Amino acid sequence: MKELFIGRQKAVNDIVLDDAKISREHHCKCVFNDDGTITITDLGSTNGVFVNGNRITKEMVIDDTSLVKIGGVEISGLEIRKWFDGKEHAVVLKCKRISHKYE
């Protein structure tokens, strides 16, 4: 199992999304489970996390075709999978900057 925390503040998040609608601290968490599935959980953010247009209220499994909206950022499940693979992330829509904490 591997976890990635997503938010706006570089010091405390693994993935940093520069968007004013995203919480500075932890906005959400993505987990790559031992069985290869990925789950996403909103960590009490104001603007929420949406999967395929529906706001999530509990941990949810996403797949490569899922469309995930974190604050004002839209990203595919495939791109989130690439974060765990350590591959370069491709297109993140409506986002000024995205970075890993370890960059």
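Residues numbered from 1 in each chain as written. Predicted model: local features only at pLDDT ≥ 70, side-chain atom pairs only at ≥ 80, totals over all residues. Heavy atoms only, no water.

Undergrad: Could you give me a rundown of the environment of R81, with the residues and numbers involved?
TA: With respect to the helices and strands, the residue R81 is situated in helix α1 (residues 77-85). Sequence separation between R81 and F32 is 49 residues; the distance between their C-alpha atoms is 8.0 Å. If we ignore the near neighbours within four places in the chain, the residues touching R81 are F32, G36, I38 and D64. From its side chain, R81 meets the backbone oxygen of G36 in a polar contact 3.3 Å long. (Helix = DSSP H or I, 4+ residues; strand = E, 2+ residues; numbered from the N terminus. Contact = heavy atoms within 4.5 Å. Polar contact = N/O pair within 3.5 Å; in protein donor to acceptor, adjacent residues only side chain to side chain.)

Undergrad: So what's going on with the state of the cysteines? Which residues, and what values?
TA: Applying the stated criterion to the full structure yields 0 disulfides. The cysteine C28 is free of any disulfide, with C30 supplying the nearest cysteine sulfur at 5.2 Å. In this structure C28 comes out as buried when scored by relative accessible area, which is 0%. A residue is classified by how much of its surface remains accessible, and C30, at 0% relative accessible area, is buried. (Disulfide = S-S within 2.5 Å. Buried < 20%, exposed > 50% of the residue type's maximum accessible area, 1.4 Å probe, protein only.)

Undergrad: So what's going on with the confidence of the model for the chain? Residues and values would help.
TA: In this model, the chain carries an average pLDDT of 83, and 83% of its residues clear a pLDDT of 70 or more. Low pLDDT (under 50) marks residues 88-103, which in the prediction has 42 contacts with non-local residues, meaning those over four places away or in another chain. (pLDDT = per-residue confidence, 0-100.)

Undergrad: An account of the sheet that holds strand β5 (residues 49-51) is requested, with residue identities and associated values reported.
TA: Pairing is antiparallel in the open sheet, where 4 strands are placed in the order β6-β5-β8-β9. The sheet is open, and its two borders are formed by β6 (54-55) and β9 (73-76), each paired with just one other strand. Its contacts with the sheet place α1 against β8 (67-70) and β9, and it is angled at close to 80° to β9. (Pairing = 2+ DSSP bridges. Axes fitted to C-alpha atoms, helices over the stretch in contact; angles between N-to-C directions.)

Undergrad: Account for the environment of K10, naming residues and giving values.
TA: Mapping K10 onto the fold places it in the loop between β1 (2-7) and β2 (15-17). Considered as a pair, K10 and E25 are 15 residues apart in the sequence and their alpha carbons are 8.9 Å apart.

Undergrad: Now, about the pairing of β9: what can you tell me, with residues and values included?
TA: Across 4 bridges, β8 lies against β9 in antiparallel orientation. Across the sheet, residue K69 finds its bridge partner in β9, namely E74.

Undergrad: I'd like a rundown of unusual backbone geometry, residues and numbers included.
TA: One non-glycine residue, N52, lies in the positive phi region at around 50°. Mapped onto the fold, N52 is located in the loop between β5 and β6.

Undergrad: Can you explain the nonpolar core? Please cite residues and give values.
TA: In globular proteins that are soluble, nonpolar side chains generally tend to be buried together. I6, I40, V68, I70 and I80 are the most contacted members of the largest nonpolar core, which has 20 residues in total. Those elements giving two or more residues to this core turn out to be β1, β2, β3 (26-32), β4 (38-42), β5, β8, β9 and α1. If sequence neighbours within four positions are ignored, I80 has contacts with C30, I38, I62, V68 and I75. (Core = buried A, V, L, I, M, F, W, Y, C linked by side-chain atoms within 4.5 Å.)

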